[in-house]
Amino acid sequence: MRHLPKLSIFSIVLLCGLWGCTPNQNPQELKEKTARATAELKVDAKAVAAGVREGWSRDKPLDLNTATREQLTGLPLTGVEADAVISSRPYDEPGQLVSRRILSQSEYDKIADRVVARK
């Protein structure tokens, strides 16, 4: 995430440099090219942020008793499943997601190594 501002600044400098090197262009055409480049950078930045989030969550197990809805949907759980996890708190152990019928065993197996239940 701390590289995101650097990427944005680099992108702006690059766009300005390209703008100075282009021969007489129609202002509308230039706006369209800039908009396309900005949209591509936005997609790339979102992908980087998602990768950082995924890497961070892999290294640090998520506590079912304190996790936000956004964190739970990043496991991935659906919004409905995340809401059910939150409304059924507290948990003594992560396996209670199955015993309380919030997740099926196969769904739980996909996230079992990424969750904990701290008291």
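Residues numbered from 1 in each chain as written. Predicted model: local features only at pLDDT ≥ 70, side-chain atom pairs only at ≥ 80, totals over all residues. Heavy atoms only, no water.

## Brief notes about the overall build of the chain
- The number of helices and strands found in the chain is six helices and two strands.
- Ordered by position from N to C terminus, the α and β elements of the chain give α-α-β-α-α-α-α-β.
- Across the 119 residues of the chain, 21% fall into the buried class.
- For the chain, restricting intrachain contacts to residue pairs at least 6 apart in sequence, the fraction spanning at least 24 positions comes to 42%.
- Element-wise, carbon and sulfur atoms account for 60% of the exposed surface of the chain, whose accessible area totals about 8700 Å². (Helix = DSSP H or I, 4+ residues; strand = E, 2+ residues; numbered from the N terminus. Buried < 20%, exposed > 50% of the residue type's maximum accessible area, 1.4 Å probe, protein only. Contact = heavy atoms within 4.5 Å. Areas by Shrake-Rupley, 256 points an atom, 1.4 Å probe, with all protein chains shown as cover.)

## Topic: the side chain of Asp63
- The topology assignment puts Asp63 in strand β1 (residues 62-63).
- With no salt bridge to any partner, buried Asp63 finds its closest opposite charge in Arg118, at an N-O distance of 4.5 Å. (Lys, Arg positive; Asp, Glu negative; His and termini not counted. Salt bridge = Lys/Arg side-chain N within 4 Å of Asp/Glu carboxyl O.)

## Some words on the pattern of salt bridges
- If you walk through the whole model with that rule in mind, you get three salt bridges.
- Across the pair Glu29 and Lys33 runs a salt bridge whose closest N-O atoms are separated by 3.7 Å. Placement of both Glu29 and Lys33 in helix α2 (residues 27-59) is noted, with a separation of four residues, approximately one turn of the helix.
- The partner of Arg69 in a salt bridge is Asp83, and the shortest N-O contact between them spans 2.7 Å.

## Observations concerning the confidence of the model for the chain
- The share of residues in the chain with pLDDT of 70 or more is 80%, and the mean pLDDT across the chain is 84.
- Confidence scores differ between elements of the chain, with helix α1 (residues 4-21) showing the lowest mean pLDDT of 66 and helix α5 (residues 96-99) the highest of 97. (pLDDT = per-residue confidence, 0-100.)

## Things to note about the environment of Leu72
- Mapping Leu72 onto the fold places it in helix α3 (residues 69-73).
- Classification of Leu72 as buried rests on a relative accessible area of 0%.
- The residues contacting Leu72, other than those within four sequence positions of it, are Leu62, Leu64, Ala67, Leu77, Ala82, Val85, Ile86 and Arg89.

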